[in-house]
Amino acid sequence: MKQVHVVPHMHWDREWYFSTEESRILLVNNMEEIMERLENDPEYPYYVLDGQTSILEDYFAVKPEAKERVRKLVQSGKLIIGPWYTQTDEMVVGGESIVRNLLYGIKDSKEFGQPMMIGYLPDSFGQSAQMPHILNGFDIKYTMFWRGTSERHGTDKTEFYWQTEDGSRVLVQLLPLGYAIGKYLPQEEEALKERMEKYFPVLDRGTTTDHLVLPNGHDQMPIQKDIYEVMEKLRALYPDREFFLSNYENIFAEVEKQEDLAVLEGEFLDGKYMRVHRSIFSTRMDIKAANTRVENKITNVLEPLASMAYDLGFEYYHGLIELIWKEIMKNHAHDSIGCCCSDKVHSEIAGRLFLAEEKTDQLIEFYKRRIVDAIETEDDTDLLTLFNFLPYEREEVVTTELITKYKGFTLLDGEGKEADYEILHSEEIDPGLIDRQIVHYGNYDPFIKYEIQLKETLPPMGYTTLFVQEAEEKSAGGQIVNSVETDYYRVHVNENGTLKIYDKQLERTFDQVLLLENGGDDGDEYDYSPLEGEQLIHSGEVEASVSLTQNSCAASMAISYTLQVPADLENRKAGGRNSRVDVQFKVHIPNHKPLIEVECELYNEAEDHRLRAYIPTGLSSSFSIADNQFGHIKRDVVDSAMNVWEEEKWSERPDAIYPMLSHVGLSDEDYGVSVLTNSTREYEIVGEHFDTIAVTLFRSVGYLGKSDMLRRPGRPSGIKMPTPDSQMLGKLKLDFALYFHEGSTLEANIAKAAKDYLTPIETYNKIPHNAMKLNESSVKTPVRYQLLEEAEHSEAVLSTLKKAEDEDALILRVFNAKEHAIVAGFHADKNVSEVWQTNLNEERQQELKLNHFPMTINQSKSIKIIK
């Protein structure tokens, strides 16, 4: 007899086409009904609270007095919570964000009882190949999801094992028809039978057991009060099936008994049976880019800096950092970071990112000030301290500001050696801008703000300090040039603003780099949709304004032009070009590194279009390599299902538009070209020979959802709601870089190059004045400092360095982005007492050797360093 597990739940989108505050009002109402039923009906055994604790956080903000009721229900096993903080997206959200989502979700759950240890993500738009590794890192062995699978992955069954290359494995219970097939089940027998006759054949065909899942819930759905009556009708209609209220753990207990289940690997991003929205990665690029930037600031700067400060004797502000993480994780739900929401909601999302970035920036500034103010010097001299947050020595070109009253100055290191620098710009500033108390006492002498550039060698995971001393006045350096030559490149700017790059190591020329492509977008916030048969517009015929300068440290290029484009779809169909996108590229090339940094500023005045930048590689490619969480993913440049998607009636066309997190590359055995990004996370490989990386700069659309699109036939996704803000009118700033290298993408360890690019050298200029006063610290810090260092030639990539949540220790997390296992080692100072390998939940697993602690890394490893 088939066993039908009816699982009461609600799927809780905190926001979508409705605001967080609108859903919170419903939440307060729904929670009261849920708890009353669980407390007063002994026959009603379970209710699943959507696997995310942010629901409780929102509820307790209104009803803090309900905590004890919730605790009793959780501890009795009736109210099922966790393990997530929010139900995360997996495609454009970084690995550390997903780890913290589980870390804080499990931590919050345990305040009330035991969390549901299932990786429950019923509505995420595709599944990352790395999720089994992340889930196993928290001792989670099960997962449930809906979107992205098809039989071409290796099975047509709804139960299977999913594993990663390092052997991590989770048992999957697929929701083949979604999480809402049991929503609002009717008592009327004909209507009920009509519903079930659609579902049971699919469920029966897919299952490997006699146990079926019937989720009884939906988006924002209140508890179904007449569920007993409905189940009686189901029993009468289907006497060969047994219906009972259950939970997801009971399902896995049965599935786990099955032998010979299929074992699958890789990401699930097929839109055959359900939509995954492969081009959603570029909707509302302002929000997507801000999320990328803030994620990188937290993990690459704030947490390592706070760890240094903690090691030096200052407090590690766990509470502030958790607030920042939770601020951005509220944005990481699939609809929120997907940006398939109303304009009102997108304003909330952008506001949270603003707050998170402001908190991050101010905490970074505070920690730098605390450390530098505490440096012991013989006199109260001005200082310029440079921080390196990577575990190896770095020689870097640093562009920074220095404020002083000196009309000329020298920079001396701790041994009295003078550091060379170039002045890029200088200006007088009012002393009141530094500290209004200066002018309050009648001192109006101006300060001078210098923008300087210097090349400096920095210690691993530490800082070095330069002393600012008065000297003869120095004029601004740098020469205006017609072309640029560095240790690695000769670069010329073409008349149309594209770059012609000659790589000295590869002895190859790459021309028309940064050519722009513009095409119509008849899509919605979920998906790009081209105009059928349209002629694309390129920037090949524009006339650019160009300025090139170079000094002893680096070269800079300023490129600007206007790209004429149609104002809207109707004008585009008519062949007009009555609107514009103003384009500015600021290109920075250090003289000593094979990195070309690009700052792109756009001002868009047109609607319903897409803009992409071309990076030609000269490599005819069959696949690309991009990064995902703690690893990489190899993707075909053309999805093989393109030939059959219409015949097989896929929900959407499987165009090879894909996400990345920090990089994507094309390569062969001889050389490769990679794009590193601190903004956009969407790419496609294009060109007659699939030799060009097309990086999406933005999409401009005006509706949340539309029906009958060229690549996505049928019903609208979401609802047809106007979203004029998603037209992306106005200014947008994006940062990315180009990296040309010998060998393949994986052999060159581009993940490590991307981490280097995304981890800037931070500086702090100590002067005697500051508007925000602090008392002198009892902590004293050295002029030069180093926390830890990786072993020579280590191929491990740093993910982050942070303080442990519940122990006086540091957590160092690294990962392997290569195809084979690697051995990595790290040296810490002699004050280390213990070193442990931990899981992602920071629980000790294996003790390691002191000071070097070598280890084999297949995927990611977390190390707890105890002093």
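For the structure itself, look to the data block above.
A few points on the structure. (Residues numbered from 1 in each chain as written. Predicted model: local features only at pLDDT ≥ 70, side-chain atom pairs only at ≥ 80, totals over all residues. Heavy atoms only, no water.)

When you go through the protein residue by residue, the secondary structure sums to 15 helices and 47 strands. For the protein, whose C-alpha radius of gyration is 28 Å, the value lies close to the compact-globule estimate of 29 Å for 867 residues. With respect to the principal axes defined by its C-alpha atoms, the protein has extents near 95 × 65 × 55 Å. The 867 residues of the protein split such that 63% are buried. For the protein, the exposed surface amounts to about 33300 Å²; the carbon and sulfur share of it is 45%. Each charge class in the protein was averaged separately, 92 positive and 149 negative side chains, and the resulting centres sit 3 Å apart. (Helix = DSSP H or I, 4+ residues; strand = E, 2+ residues; numbered from the N terminus. Rg over C-alpha atoms; globule rule 2.2 N^0.38 Å. Buried < 20%, exposed > 50% of the residue type's maximum accessible area, 1.4 Å probe, protein only. Areas by Shrake-Rupley, 256 points an atom, 1.4 Å probe, with all protein chains shown as cover. Lys, Arg positive; Asp, Glu negative; His and termini not counted. Charge placed at Lys NZ, Arg CZ, Asp CG, Glu CD.)

Let us now look at the sheet that holds strand β28 (residues 609-616). Taken in spatial order, the six strands of this open sheet run β23-β22-β28-β35-β34-β31, and their pairing is antiparallel. Here the strands that pair on one side only, and so sit at the sheet edges, are β23 (537-538) and β31 (658-659). (Pairing = 2+ DSSP bridges.)

The subject of this paragraph is empty space enclosed by the protein. Going through the model one piece at a time under the given rule, you end up with ten cavities of 30 Å³ or more. When its volume is computed, the largest cavity comes out at roughly 370 Å³. Lining the largest cavity are 26 residues, with Gly95, Asn296, Asp627, Ser662 and Phe815 positioned closest to its centre. Among the secondary structure elements, those contributing two or more residues to the lining of the largest cavity are α4 (95-110), α9 (285-312), β29 (623-628), α15 (750-757) and β40 (797-803). (1 Å grid on protein atoms, 1.4 Å probe; cavity = no way out; pocket = protein on both sides within 12 Å on 5 of 7 lines; lining within 4 Å. Points joined across faces, edges and corners; volume = space filled by probe spheres on them.)

Before going further, it helps to spend a moment on helix α2 (residues 54-62). For α2, the full list of buried residues reads Ser54, Ile55, Leu56, Asp58, Tyr59 and Phe60. In the core, the buried residues of α2 are packed alongside α1 (20-40) and α3 (67-75). (Contact = heavy atoms within 4.5 Å.)

Attention shifts here to the packing of aromatic side chains. All told, the structure shown has 29 aromatic pairs when counted by the stated rule. Ring centres of Phe60 and Phe112 lie 5.4 Å apart, and the angle between their planes is 25 degrees; on these two criteria the pair is classed as stacked. Here Phe60, found in helix α2, pairs with Phe112, found in the loop between α4 and β4 (119-121); they are 52 residues apart in sequence, far enough to count as distant. Taken individually, Phe60 and Phe112 each receive the classification buried, so the pair is uniform in this respect. Between the aromatic rings of Phe387 and Phe389, the centroid separation amounts to 6.2 Å while the plane-to-plane angle is 15 degrees, which identifies the pairing as stacked. Accessibility assignment for this pair places Phe387 and Phe389 in one class, buried. One aromatic cluster is present, built from ring pairs that chain together Tyr488, Tyr489, Phe510, Tyr671 and Phe740. (Phe/Tyr/Trp six-rings, centres within 6.5 Å; stacked < 30°, edge-to-face > 60°.)

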